[in-house]
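Residue-level structural notes
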Amino acid sequence: MCGICGELRFDGGQPDRDTLTGMMTRLERRGPDAAGQFAAGPVALGHRRLSVIDLSARSNQPLVDDELGLVLVFNGTIYNYPELREQLAARGYHFFTGGDSEVILKAYAEWGEDCPQHLHGMFAFAVWDTRRQTLFMARDRFGIKPLYYSLNRHYLRFASTSQALLATGDLDSAIDPVALHHHLTLHAVVPAPRTLLRGLRKLPPAHSMLIHDDGSNTVKRYWQLRPRAPEAGMSEWEWIEAVHEALIRSVERRRTIADVPVGILLSGGLDSSLLVALLAEAGGGDLHTFSVGFEDQPEERGNEFEFSDMVAELYATKHQRFSIPNREVLARLPEAVDNMAEPMVGQDAVAFYLLGERVSQAVKVVQSGQGADEVFAGYFWYPQMH
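Now for a description of the structure that goes with this document. The structure displayed is predicted, hence computed values, not measured ones.

**A few points about the sheet that holds strand 15 (residues 318-324)**
Where strands meet in a sheet, backbone hydrogen bonds hold them as pairs that are either parallel or antiparallel. The four strands lie next to each other as 15-14-13-16, forming an open sheet whose pairing is parallel. With one partner strand each, in any of the chains shown, strand 15 and strand 16 (365-367) form the two edges of the open sheet. Within the sheet, the average angular offset between the axes of one strand and its neighbour, ignoring direction, is 30°. Here three bridges tie strand 13 (residues 262-265) to strand 14 (residues 288-294), and the two strands are oriented parallel to one another. Considered in strand 14, the bridge of Leu-265 is made with Phe-290. Along the sheet, helix 10 (residues 349-359) makes contact with strand 13, strand 14, strand 15 and strand 16, crossing strand 14 at roughly 135°.

**Here's the deal with the pattern of salt bridges**
In this structure the tally under the stated criterion is 21 salt bridges. Across the pair Lys-220 and Asp-114 runs a salt bridge, and its minimum N-O distance is 3.1 Å. One end of the pair, Lys-220, is in strand 12 (residues 217-221); the other, Asp-114, is in the loop between helix 3 (101-111) and strand 6 (121-129), with 106 residues separating them in the sequence. Using a relative accessible area of 30% as the deciding quantity, one classes Lys-220 as partly exposed. The exposure class assigned to Asp-114 is partly exposed, which follows from its relative accessible area of 32%. Its salt-bridge partner being Arg-332, residue Glu-335 comes within 2.7 Å of it at the nearest N-O pair. On the criterion of helical spacing, the pair formed by Glu-335 and Arg-332 is a turn pair, its members being three residues apart in helix 9 (residues 326-338). Members of the salt-bridge network, linked through shared partners, are Arg-29, Glu-328, Arg-332, Glu-335, Glu-357 and Arg-358.

**Considering unusual backbone geometry**
Residue Pro-62 is bonded to the preceding Gln-61 through a cis peptide linkage, with omega at 5°. You can see Pro-62 is positioned in the loop between strand 3 (43-49) and strand 4 (63-65). For the bond from Ala-192 to Pro-193, the omega torsion is 10°, close enough to zero to count as cis. Inspection of the secondary structure puts Pro-193 in the loop between helix 5 (177-185) and strand 10 (201-202). Even without being glycine, Gln-133 reaches a positive phi, approximately 60°. By the element assignment, Gln-133 lies in the loop between strand 6 and strand 7 (134-139). Judged by its relative accessible area of 25%, Gln-133 falls in the partly exposed class.

**Looking at the environment of Ala-258**
Positionally, Ala-258 belongs in the loop between helix 6 (236-256) and strand 13. Judged by relative accessible area, Ala-258 falls into the buried class, the value being 16%. The spacing of Ala-258 and Arg-139 is 119 residues in sequence and 20 Å in space, taken between C-alpha atoms. Residue contacts for Ala-258: discarding those within four places in its chain leaves Val-52 and Ile-53.

**With respect to the sheet that holds strand 7**
Spatially, the six strands line up as an open sheet ordered 4-5-6-7-11-12, and their pairing is antiparallel. Looking along the sheet, the strands with just one partner apiece sit at the ends: strand 4 and strand 12. Averaged over all pairs of adjacent strands, the angle between their axes in this sheet comes to 15°, without regard to strand direction. In terms of strand pairing, strand 6 meets strand 7 through six bridges, oriented antiparallel. Among the inter-strand pairings, Trp-128 is bridged to a residue of strand 7, identified as Leu-135. On the sheet, helix 3 packs against strand 4, strand 5 (70-78), strand 6, strand 7 and strand 11 (207-212) and is oriented at approximately 125° with respect to strand 5.

Rules and cut-offs
- Counting of residues starts from 1 at the beginning of each chain's written sequence and follows it residue by residue.
- In keeping with the predicted nature of the model, local features appear solely for residues at pLDDT of at least 70, side-chain atom pairs appear and are counted solely at 80 or more, and the whole-chain, interface and lining totals rest on all residues.
- The side-chain figures draw on all heavy atoms in the structure; neither hydrogens nor water molecules are used.
- Pairs of strands are assigned from DSSP output, requiring at least two bridges between the strands.
- Helix and strand assignments follow DSSP, with helices taken as H or I runs no shorter than four residues and strands as E runs no shorter than two, numbered in order from the N terminus.
- Fitting a line to C-alpha atoms yields each axis, with helices limited to the stretch in contact; the angle taken between N-to-C directions then spans 0 to 180 degrees.
- Residues are treated as being in contact if the distance between any of their heavy atoms lies within 4.5 Å.
- A pair is scored as a salt bridge if a Lys or Arg side-chain nitrogen falls within 4 Å of a carboxyl oxygen belonging to Asp or Glu.
- To sort residues, take the accessible area from a 1.4 Å probe on protein chains only and compare it with the maximum for the residue type: under 20% means buried, over 50% means exposed, and anything in between is partly exposed.

Below is the structure:
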């Protein structure tokens, strides 16, 4: 992940560089490898980089394309960037980096506000058009990458985290009562564009936002999930095979897209175990897997090592186990909460935080089984809804 932030003034003034620096400081943990800023007229952009694709300094951001008059800050990965690069090069665009970030710039130059429709991946980005004096922001189809903003008659500010925007000290932090209702009734989920804070908003998944230097703006949905009727005549096993092929394609693309080693968070449950099996089937040699465990309690076992060990042994992964004593969990709880962009109530939130900290010392990128319960209706409330 990387961290992006920026400010666009509507009142004729220039962004305060100290405000931008303050936001970037709160984003440092997201991007420890490089930092950069861009400022011109009413706009200022900041970026903290975690180098994953094209590790050279030429892909540091903000990425400026003087020929096109565009400036980009981007967090995420574009999985189909090799195909898009080839397509755009055939249309006469010249590339000066080897990464996926520059493909977004060329895609915006070619397709304008329709460019997100061509991007397959997880992303949140902002493009400043120096000629039109407009800022274009977009977020991926399922909202994997975060994009928060604060908007008033004087300016728009945006960032990858709520903490970065709160660091500006100029944000209405009163509780949004509608968002609080959602938080308490939807298992701590507050649907976009709201957040629990009245002055803090988030761009909805599958949406873009075009902001002019006078403050006028347009929010646009660029993609909609549309249910498809089952194929007539397909048997249960044919459906299983179709799902299997789709999972293989998805896992394989994500495994090969990074220029750094990719690990797997292995709990031993169905989702993460399936992920390891799919990567092994796709030819993923030297798989790095990681598991976390805690102390047992009378009412509940603290780890699932016996299951994760079986999967790691079966697929001969390079496996690491992290055992974390309860005293450390309690001591680090306030820190974990402080680093939540929005309040979370899942009991595994602190575990993921501590596991991520340990894993980051070994690899930069991991895959996990997160999201599988949503895709395959695994939670207990899905049958109840049906």
